[in-house]
Amino acid sequence: MNRFKTSKFKNTTPRVAKKDGWITNVRAGSFTSQGSSIKANSKLVAFSTEQAGGGLVGLSSVEPGTDGKWAVTQISCHADVVTDLDFSPFDDGLLATCSADETLKLWRARDPEEEQPDGAELTLCPGRGKLELVLFHPTSSGLLAVGSAETPLLWDVSRQDAPLAVLEQHSDQLQSLSWKQDGSLLASSCKDKILRVFDPRAQLTPVQSSKGLQSNKDSRILWARDDYLLTTGFDMVRNRELRLWDSRKLSSSLCLVSLGASSGTLVPLFDADTGLLTVAGMGDTAVDCFEVTASQPFLTQVSHCVTDSHTRGVATVPKTALDVTSCEVMRVLQLADSCIVPISYQVPRKSGQEFHADLYPDTAGSSPAMSAGEWWDGGNKQVEKVSLHPDKRPKAKAPPTNQTPAKAVLPTGGCKEEAACGVSTSSSPLSTPSSSVAPSRSPSTTSGLSSGLAPSPSQSAKAMHNLLGPSSKFRHIQGTVLHRDTHFTNLKSLNLTTPGECDGFCANRQRVAVPLSIPGGQIAVLELSNPGKLPYTAMPTVQNSGNVADFCWDPFDTHRLAVAGEDAKIRIWQLPEGGLQETLTEPELILQGHTEKIYTVKFHPLASGLLVSSSYDLSIRLWDLEMGEQVKLLTGHQDQIFGMAWSPDGKLLATVCKDGKLRIYDPRNCDAPVQEGPGPEGHRGARVVWVCDGKYLLVSGFNSRSDRELTLHSAEDLSSGAVGSANADLSPSTLIPFYDPDTSVVILTAKGDTRVYIFEIVPEAPYFLECCSFNSTEPHKGLAFLPKTECDVREVEVARALMLSKTTIEPVAFRVPRVKKEFFQDDVFPDTTVWWQPALSGASWLSGSDGELSKTSLRPKDMTPVSEAPKEAPVRKYLPSSFYLEEKSDEQKKDELLSAMVAKLGNMDDPLPQESFEGVDEDEWDD
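Just so it is clear, the structure is predicted and the values come from calculations on it, not from any experiment. (Residues numbered from 1 in each chain as written. Predicted model: local features only at pLDDT ≥ 70, side-chain atom pairs only at ≥ 80, totals over all residues. Heavy atoms only, no water.)

## Details of the sheet that holds strand β44 (residues 589-592)
Read from one edge to the other, the open sheet built from 4 strands follows the order β41-β42-β43-β44, with strand pairing classed as antiparallel. At either end of the open sheet lies a strand with only one pairing partner, and these are β41 (548-554) and β44. Averaged over all neighbouring strand pairs, the angle between strand axes comes to 20°, with direction disregarded. Examined bridge by bridge, β41 and strand β42 (residues 557-565) share 6 bridges and lie antiparallel to one another. Pairing of Asp554 across the sheet is with Asp557, part of β42. (Pairing = 2+ DSSP bridges. Helix = DSSP H or I, 4+ residues; strand = E, 2+ residues; numbered from the N terminus. Axes fitted to C-alpha atoms, helices over the stretch in contact; angles between N-to-C directions.)

This is the structure:
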């Protein structure tokens, strides 16, 4: 007998429908809520939409019409955002919706090609503020669980004067509700990190509770097999995780699966008949499928599916709508921005010839077991099971008439719809976090190679690449705050109101400049060689006569600081050797020419003594500091200039503007832009930086839904628009990018954020390779990066930044985990540009000369490059002998033979670990 039990779903294949099988003409809602964005029954699919402020619900059908297309219509449901919706399991036409307008409504939905009802069948106003969740009971008709901000309610729609029960109020935001399959228990997750299990008929307080969640960020809870609960959420460092719990003992989870770092909420869907669990991250393109078992390993990954669309929500269709003749065991509907994508999960069997009863156990029927009153009185009847066999399926029944009462508006407390005209003006449509990059995480199961030899690192890397697509060698990059001895503490009077176009503070390899809120536009300058606790007394500062708009260090002179003021003047300061000992009041030079407040100032990256500035007067001016005057005036902008950046060779200047356009200037040859193209759609702010050796422009801005978005544009053809994009999340602050040309890694964060995003940018699809993010313990005011020469290459440190908080400045090291640190990692540290030495003078550049910065090696003399390290013989890992003694089928033997041949070919020329798996074996990462 085979000791290794295998699942009948192990080879389940997700099949994403072709585009002509997508439901189009969809405009998905982008509002943040705890509920679902899409739900389906055997006939209809309903989804929230952002049109008309979000009070509408879109409606389509599960199957196309006679013309092969899907009709899409809308129901005007609420005066504010629809936060959750659910179909009755016993009536295909009954839809429940709840909203931020504090109402719960039941609708009689019709075929999408028919006219939809003008009014709701029932409207309830619980009077407990915004309603977030609504969920039909799985066995009883007319029974709903409703989640307000902090309180779960049970409603019997046949007695509308008051809730059936008001469960114990949670101490924070209620995030998720789930009924057990037999309808006896209700589970909840909350922002206070506590899981609760209620037996509402026995008591209104939890029968089980435990502080089991690691983070208060969005969590979801779901009943799985038997008495098991599933939760999705985040750990303490904001990695997404999936946990399985025993509802009878919530003190610790039974198993944990980590799904990598991302900001998108994980939405779980569970099929009790097959035990299949689908998990999709909001904003992701990946959909994962697991099998949940009642014994170890509890959670086994079945498939990893990557689509072309970013998830706004997911839903499954009932088992009765599946195509059993093709062995379809599950169908997931992925709601994207403008379409609904069906994903069919099929088990490879001989389809169409016989009914596979082992794949299709009898499933819950569409007739309720009892009424809400009978359940409340202690009834425990279960819904009658029906067969999915095509010849045994019950005939369609007419919808029940006793489930929805006559139209009524029966408020039990004040709600927004009772206001005059019944209109709510609450408007905070928030986008769910997004990321257009497929998460770089590996499934918990292998691809099925079962040869006697375990796969080599090169085989594993190839299998991962084939399964998940390209991944970055920096994907496991770690941000580490350095020792407290290197911090500046007791920082007082920090200016928190610098304009959005300003980075907030700046640093070079010797000192850091920080703006203070003291009158006179004062800037404190701290020596990096002298960290520690700052004195309580007043410090010497650089004193400008007005408010500071922006400032930056001269890259070729660590003592020169350029400060742009709101008085339209640029002051050039020369700091004394040894640092600031007394307050400076007289600048070395004052540049005047702008007629309005200045946005930004930037030094030329190659030529000394050249400075460029942008202003509210919509002009860009180039200044020669040696001559002390303006030498170029660039025009062509129609609105506020958000940001500008010099190309790596110093020939071109790129700008991003509030008028929605990107521009490239050749300042020496033309005052007007030489190229224009579409930029970010949002108008809240943006930054631009040159990447990939100047071939592309990376723009950090906002899309039309106010999501923060990264876009990549070809520098040779701006008019063609973005070639790639990645969504970050929703926040009002613009992400400020730092790009390292040596590694092609971009690090982004914003004022007031706690998260630092990291991507590797590649010049071909998918363009953005997501890496692990870094999270600070409290909101920071920004990052200022130091030269590459300040990095500790012995610790494989690829970037070092200073992180500014309200009272401290802390160094942060970004390191790549590597096994053999005794070798110099020359694949990570190519020769770096000596950008602290000018290539030519400003006058030479203006006259038409082009310089080139020199390069230098970062390798210490006592370190050997890893590329020259002696190769080690690959270690082959053998499986236990018991594996070979088991009886195997001919099909298994055939698979093993093929896998062994692949393994042999893959091991013929094994590279170094750094080459085969970006330098790290999976079990050797540094924590």
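## Some words on the pattern of salt bridges
Under the criterion given, the structure shown has 36 salt bridges. The salt bridge partner of Arg815 is Glu797, with a shortest N-O separation of 3.9 Å. Taken together, the residues span a long stretch of sequence, with Arg815 in strand β65 (residues 809-815) and Glu797 in strand β64 (residues 797-804) at a distance of 18 residues. For Arg815, a relative accessible area of 22% corresponds to the partly exposed category. Via salt bridges that share partners, Lys180, Asp227, Asp246 and Arg248 belong to a single interconnected network. (Salt bridge = Lys/Arg side-chain N within 4 Å of Asp/Glu carboxyl O. Buried < 20%, exposed > 50% of the residue type's maximum accessible area, 1.4 Å probe, protein only.)

## What to know about the sheet that holds strand β37 (residues 511-515)
The strands making up a sheet associate through backbone hydrogen bonding, with each pair oriented either parallel or antiparallel. Taken in spatial order, the 4 strands make up an open sheet running β36-β37-β38-β40, and their pairing is antiparallel. Only two strands of the sheet have a single neighbouring strand rather than two, namely β36 (506-507) and β40 (541-543). With 2 bridges joining them, β36 and β37 adopt antiparallel strand pairing. Following the sheet pairing, Cys506 is matched in β37 by Ala513.

## Quick notes on the nonpolar core
The biggest cluster of nonpolar side chains holds 24 residues, and the ones touching the most others in it are Ile747, Phe814 and Phe829. Sorting the residues of this core by element identifies β59 (745-749), β60 (755-761), β63 (782-785), β64 and β65 as the ones contributing at least two each. It is β64 that provides the largest number of residues to this core, a total of 4 residues. Setting aside residues no more than four positions away along its own chain, Phe829 makes contact with Lys788, Val793, Val796, Glu797, Val798, Phe824 and Leu858. Counting 22 residues, the second largest nonpolar core, distinct from the first, contains Met282, Val314, Met330 and Ile343. (Core = buried A, V, L, I, M, F, W, Y, C linked by side-chain atoms within 4.5 Å. Contact = heavy atoms within 4.5 Å.)

## Thoughts on the packing of aromatic side chains
Enumeration over the complete set of coordinates arrives at 13 aromatic pairs. Centre to centre, the rings of Tyr228 and Phe298 are 6.1 Å apart; their planes meet at 80°, and the pair counts as edge-to-face. Separated by 70 residues along the polypeptide, Tyr228 in strand β20 (residues 228-234) and Phe298 in the loop between β25 (286-292) and β26 (299-306) bring together distant segments of the chain. Pair check on accessibility: Tyr228 and Phe298 agree, each one buried. (Phe/Tyr/Trp six-rings, centres within 6.5 Å; stacked < 30°, edge-to-face > 60°.)

## Overview of the pairing of strand β55 (residues 696-702)
Burial within β55 is extensive, with 7 of its 7 residues counted as buried. In β55, alternate side chains face the same way, and those of Tyr696, Leu698, Ser700 and Phe702 on one face and Leu697, Val699 and Gly701 on the other are all buried. As paired strands, strand β54 (residues 687-691) and β55 are joined by 5 bridges and run antiparallel to one another. Across the sheet, the residue bridging to Trp690 is Leu697, located in β55. A loop of 4 residues connects β54 with β55, the two strands running antiparallel in sequence, and Cys692 in this loop sits at a positive phi of about 55°.

## Quick look at the environment of Lys820
Structurally, Lys820 is set in the loop between β65 and β66 (832-833). Owing to a relative accessible area of 12%, Lys820 belongs among the buried residues under this scheme. Sequence separation between Lys820 and Ala869 is 49 residues, and the spatial gap between their C-alpha atoms is 9.7 Å.

## Topic: the side chain of Gln301
Topologically, Gln301 is positioned in strand β26. By relative accessible area, which is 5% here, Gln301 ends up buried. Engagement of the side chain of Gln301 in a polar contact is seen with the side chain of Asp288, the distance being 2.5 Å. Polar side-chain contacts of Gln301 include one of 3.4 Å to the backbone oxygen of Ser303. (Polar contact = N/O pair within 3.5 Å; in protein donor to acceptor, adjacent residues only side chain to side chain.)

## Section: unusual backbone geometry
The omega torsion of the bond from Gln296 to Pro297 falls at 10°, within 30 degrees of zero and hence cis. Locating Pro297 in the fold gives a position in the loop between β25 and β26. Look at the link from Ala765 to Pro766: it is a cis peptide, with omega at 10°. Its place among the elements puts Pro766 in the loop between β60 and β61 (768-770). One non-glycine residue, Asn25, lies in the positive phi region at around 60°.

## Brief notes about a negative patch on the surface
Side chains of Asp67, Asp111, Glu113 and Glu114 sit close together on the surface and give a patch of like negative charge. Counting through the fold element by element, Glu114 comes out in the loop between β8 (104-108) and β9 (122-125). The class for Glu114 is partly exposed, based on a relative accessible area of 44%. (Patch = residues over 30% accessible without salt bridge, like charges linked within 9 Å, V, L, I, M, F, W, Y side chains within 5 Å. Areas by Shrake-Rupley, 256 points an atom, 1.4 Å probe, with all protein chains shown as cover. Lys, Arg positive; Asp, Glu negative; His and termini not counted. Charge placed at Lys NZ, Arg CZ, Asp CG, Glu CD.)

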